[in-house]
Amino acid sequence: MKKRLLSAILCCLIVFSLCGCNSAVKNVKAYDKEHKTKFEQSFIAAQNNDWQLEWDSENYRILLKDKNNGKIWSTLPAEYLEPRYDDAGIKIINPPQLENPLTVEYVDPDTRQLEILYAYTGSLKKGDYFLEKTDSGMKITYYFDKVDISVPVEYKLLEDGINVSVDPTEITEGIVNIYKISLSPFFCSASNTDPSSYLFVPSGSGALVYPHLWNADVSYTCSYPVYGEDLQLESTESSALNNSEPVRLPVFGAKSGDSMVCAIIESGEEAASIDCNVGNKRYGYSSVYASFYLRGISVKKAYSLNIVSSPLSVSFYPLNNESASYVDMANKYREYLEEKGLGKDSRDKALSVKIIGGTYVDEQFIGIPYKSMFAATTVSDTKKILEDIYDNTGIAPVVNLVGFGQSGIDIGKVAGNYKIASELKGNTLSTLKDYCKKINSSLFMDYDVAYFSKSGTGLNTLFDSASNTVGQRALTYRTEFATGNVSAVKEYLVKRDRLVGVAQKAVDGAKNFEVGISLSTIAQATYSDYSSEKYFCKSNFADDYNSIAEYCDKNKVNMLADNANAYSAINAKVITSAPTQSAKNDLFAEDVPFYQIVFKGYVALTSDAVNLASEAKNQILRSAESGCGLSYMLIKNYDESLLSSSQTSFHACVYDDISNTLKSQVKDYSEYFSAISGAAIKEHYILENGLRKTVFDNGITVYVNYNKNAVMTEAGEIAPQTYIYKKGEVQ
């Protein structure tokens, strides 16, 4: 009887798991082989006081025209809009890639390889499309009869630009499966020969690509997932794994001559990547554009059967200013974020410290190995560290307690079981809180609400973990720091429909502790869950985080965001580890503080940890250039047993070893930071010889010299690898 009962339960579990995972029924509409086509003569689709959206039927082009000066923006670079002829008087045919409004990448059912379709040659030129007018623009359904695919794209006139969008639920397929689509790939383009032209990519703090440095017979390409690699794919052998500074802001742009465009991915950004096509001589132009993944992929390269269901869109905003730069792009993007809830808070922070609590290390008892919690920093240790910093610098740091839960910084029950580990002396927390209040120091507790390896606190590893594209539980494994061995401990991602509830419980815990909250894992990274179409390709992650932020507001719990993506940045009181450099792709010629231009003066910012930087002096210079406070990661106690921890960097964090250096750096920096506190960045310039200039809106100008030689500036001579600042703009 017991065996029958057990068998019945097991069968029910199997059926339940299969039903809850990636559905076996395809959710994509079937391709209509008898579809209709509809053409229109050239017409004005929509207009307002300043802009006009047109359809050019002769050339199959969507045109955005400035009514004030007649300037035109399109999917094709402006230089190529008018007919061109060679020396023999023969008309030059534009490369179809430049005329192309939509690229579709699909999986060949026979080879399982990815193939590419261009809407210009595969649909428009064949007359295989359906064009219809809408209230604010037009909608074109591109049909690809060759592979039985259709993709409807809507073009909507905005007050000062154009929005291009796709509703995935209207896409149709036959036997082939679409993997991703790219919208208007050359709307943001830059000349390959003009030294002043560039592409902007928001890798880390931001990076510029100069196409003239890459003029070649082939294209150089790069692709950066918005908000970083899907946490499900962390262990894959991907170039993105070497990307230490992912894309944290869904914005990009291009400057070509006196034209500039800022593009913002306004919906479906979690499923997007920002891609570049650089240097191809045949094109004459390079571009940066948004692609959207419709299907997910597993670690073992298995594609999901179904596609995302959330709308996908990108808006393009021409910036009509001959002297426009990436600063103007940042200002435009900030305006967009203000509409989304970004507020202005001028209470800057000169210093933040991330205090690491505990971690599991290897121990032995009469020859029997076991894991033991090592107290890297107790709560009372934290108070002593803060006292030493404050007494010697006068600076009250922002404090983030990381790894103080019952599993330390390792993964155990979700959110460290919402409790402070007994080894870390949580009973002294009230004393620490009283001291922080006394010196006006903000105190936060970090919770990892994404990963768990043990059942408990309402979550079960079997039923409450996210699924991969083939319906299995998505697993990750840590690599041990000292040995390089892959840990035997399986780590799961919390099922996405449980994530908000888990985080809200963490908020309740922080409220009970009377501290602010940090949700570092989900503030800086996103992940998919293929048990529901709502969460395919990381979709709707920002919405989930916003729901958590609303709960924090309701309960008056402040949020700290570490390495913040856009959705967490706009909800944060403090952003720590704000990126100050890019991923250092070979294509990136210059790093720019775009991230800080967006947020400085609106959210308190501190930079990456100085003591973890390969060159501490350069990290301080980058902080000065971008107007960030300084940041450090600290522990109090060190032991060789930490080498058996799956975590890294302990050796560089021991407070007693670096305290004198830390206090000296903070004191030296504090005068300058006090001068720019609360100010926003007004201007930024890349000057010659490794010199940078930042102008703040309170009149302070800082010059930063990254060279190993002294440099003379309008503000005076700057010693090697240092900075100077002065009140008032230098004329």
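Just so it is clear, the structure is predicted and the values come from calculations on it, not from any experiment. (Residues numbered from 1 in each chain as written. Predicted model: local features only at pLDDT ≥ 70, side-chain atom pairs only at ≥ 80, totals over all residues. Heavy atoms only, no water.)

Side note on the pairing of strand β39 (residues 700-705)
Worth spelling out the cut-off: Buried residues are those whose accessible area, probed at 1.4 Å on protein chains only, stays under 20% of the maximum for their type, while exposed residues exceed 50% and partly exposed ones sit between those limits. Secondary structure elements are defined from DSSP: runs of H or I of at least 4 residues count as helices, runs of E of at least 2 residues count as strands, and each element is numbered from the N terminus. The pairing criterion is simple: DSSP has to find at least two bridges between the two strands.
Buried residues dominate β39, accounting for six of its six residues. By the bridge criterion, five bridges tie strand β38 (residues 691-696) to β39 in an arrangement that is antiparallel. Looking at the pairing, Lys693 lines up with Tyr703 of β39. Between β38 and β39, which pair antiparallel in sequence order, lie three residues; one of them, Gly699, sits at a positive phi of approximately 95°. In this structure, β39 lies alongside strand β42 (residues 722-727), joined through six bridges in antiparallel fashion. Directly across from Tyr703, in β42, lies its bridge partner Ile724.

Comments concerning the pairing of strand β19 (residues 259-267)
Of all nine residues making up β19, eight are buried, and the element is well covered by its neighbours. Pairing of strand β18 (residues 251-256) with β19 involves six bridges; the strand directions are antiparallel. From the neighbouring strand, Val251 faces β19, where its bridge partner is Ile264. Counting the residues in the hairpin turn of β18 and β19 gives two residues, including Gly257, whose phi is positive at 60°. Where β19 lies against strand β22 (residues 312-318), six bridges are found, and the strand directions are antiparallel. Looking at the pairing, Cys262 lines up with Tyr317 of β22.

Here's the deal with helix α5 (residues 379-393)
Selection rule: Every helix has an expected span of 1.5 Å times one less than the residues it contains. The criterion used for residue contact is that any of the two residues' heavy atoms lie within 4.5 Å.
Relative to the 21 Å expected for 15 residues at 1.5 Å per residue, α5 spans 21 Å between its end C-alpha atoms, a close match to the ideal helical length. In the core, the buried residues of α5 are packed alongside β23 (351-356), β26 (398-402), α6 (429-439), β36 (629-634) and α13 (655-676). In the segment just after α5, Gly394 is the residue with positive phi, at about 75°.

Quick notes on the confidence of the model for the protein chain
Applied cut-off: Confidence of the prediction at every residue is given by pLDDT, a number between 0 and 100.
Per-residue pLDDT for the protein chain has a mean of 90; in total, 91% of the residues score no lower than 70. This model gives residues 5-22 a pLDDT under 50, and the stretch forms 14 contacts once residues within four places in sequence are excluded. Every residue in residues 236-243 is under pLDDT 50, and counting partners more than four places away or in other chains gives eight contacts.

Some remarks on the pattern of salt bridges
Note the threshold: By definition here, a salt bridge exists when the distance from a side-chain nitrogen of Lys or Arg to a carboxyl oxygen of Asp or Glu is within 4 Å.
What the rule picks out here adds up to 22 salt bridges. One salt bridge in this structure joins Asp348 and Lys600, with 2.6 Å as the shortest N-O distance. Of this pair, Asp348 sits in the loop between α4 (326-339) and β23 while Lys600 sits in the loop between α11 (594-599) and β35 (604-609); the two residues are 252 residues apart in sequence, bridging distant segments of the chain. Connected via shared salt-bridge partners are Glu105, Lys180 and Asp275.

Considering the packing of helix α7 (residues 496-513) against helix α9 (residues 541-554)
Stated formally: Lines fitted to C-alpha atoms define the axes, with helix axes restricted to the stretch in contact, and inter-axis angles between N-to-C directions lie between 0 and 180 degrees. Roughly parallel refers to an angle under 35 degrees, roughly antiparallel to one over 145, roughly perpendicular to one between 65 and 115, and oblique to any angle outside these ranges. The crossing is said to be left-handed when, going from far helix to near helix, the turn is anticlockwise and less than a right angle, and right-handed when the turn is clockwise.
Relative orientation of the contacting elements α7 and α9 amounts to 25°, with a least axis distance of 10 Å. In terms of orientation, α7 and α9 fall into the roughly parallel class. Crossing handedness for the pair α7 and α9: right-handed. Every residue of α9 that contacts α7 at Arg496, Leu499, Val500, Ala503, Gln504, Val507 and Asp508 is listed here: Phe541, Asp544, Ser547, Ile548, Tyr551 and Cys552.

Let's talk about a negative patch on the surface
Convention followed: For patch building, the residue pool is restricted to those with more than 30% relative accessible area and no salt bridge; the joining distance is 9 Å between like charges and 5 Å between nonpolar side chains (Val, Leu, Ile, Met, Phe, Trp, Tyr). Values of accessible area rely on a 1.4 Å probe in the Shrake-Rupley scheme; residue burial ignores everything except the protein chains shown. Two residue types count as positive, namely Lys and Arg, and two as negative, namely Asp and Glu; His and chain ends fall outside the count. Positions of charges follow a simple convention, taking NZ of Lys, CZ of Arg, CG of Asp or CD of Glu.
Side chains of Asp50, Glu159, Glu335, Glu338 and Glu339 sit close together on the surface and give a patch of like negative charge. Along the chain, the position of Glu159 falls in the loop between β10 (149-157) and β11 (162-166).

Comments concerning unusual backbone geometry
Phi is positive for Tyr60, close to 60°, though the residue is something other than glycine. Structurally, the position occupied by Tyr60 is in the loop between β3 (51-56) and β4 (61-66). Phi at Asp148 takes a positive value of approximately 60°, unusual for a residue other than glycine. Topologically, Asp148 is positioned in the loop between β9 (137-144) and β10. The class for Asp148 is buried, based on a relative accessible area of 16%.

Some words on the sheet that holds β4
Here we have four strands laid out as an open sheet, ordered β2-β3-β4-β5, and antiparallel in their pairing. The open sheet terminates on both sides in strands that have one partner only, identified here as β2 (43-47) and β5 (72-74). Averaged over all neighbouring strand pairs, the angle between strand axes comes to 25°, with direction disregarded. Inspection of the sheet shows β2 paired to β3 by four bridges, in the antiparallel sense. Looking at β3, one finds that Ala46 is bridged to Leu53.

Some details on the packing of aromatic side chains
The line we're drawing: Side-chain rings of Phe, Tyr and Trp, where Trp is taken by its six-membered ring, are said to pair if the distance between their centres is within 6.5 Å; with planes under 30 degrees apart they count as stacked, over 60 as edge-to-face, and otherwise as tilted. By the criterion adopted, a ring carries a charge over it if an Arg CZ or a Lys NZ lies within 6 Å of its centre and within 35 degrees of its normal.
Scanning all chains against the criterion turns up 29 aromatic pairs. Ring geometry for Tyr672 and Tyr723: centres 5.1 Å apart, planes at 55°, overall tilted. One end of the pair, Tyr672, is in helix α13; the other, Tyr723, is in strand β42, with 51 residues separating them in the sequence. We classify Tyr723 as buried; its relative accessible area is 16%. Ring pairing ties together the aromatic residues Phe39, Trp55, Tyr60, Tyr120 and Tyr129, which thus form one cluster. The ring of Phe43 carries Lys133 above its face, with NZ or CZ at 4.8 Å from the centroid.

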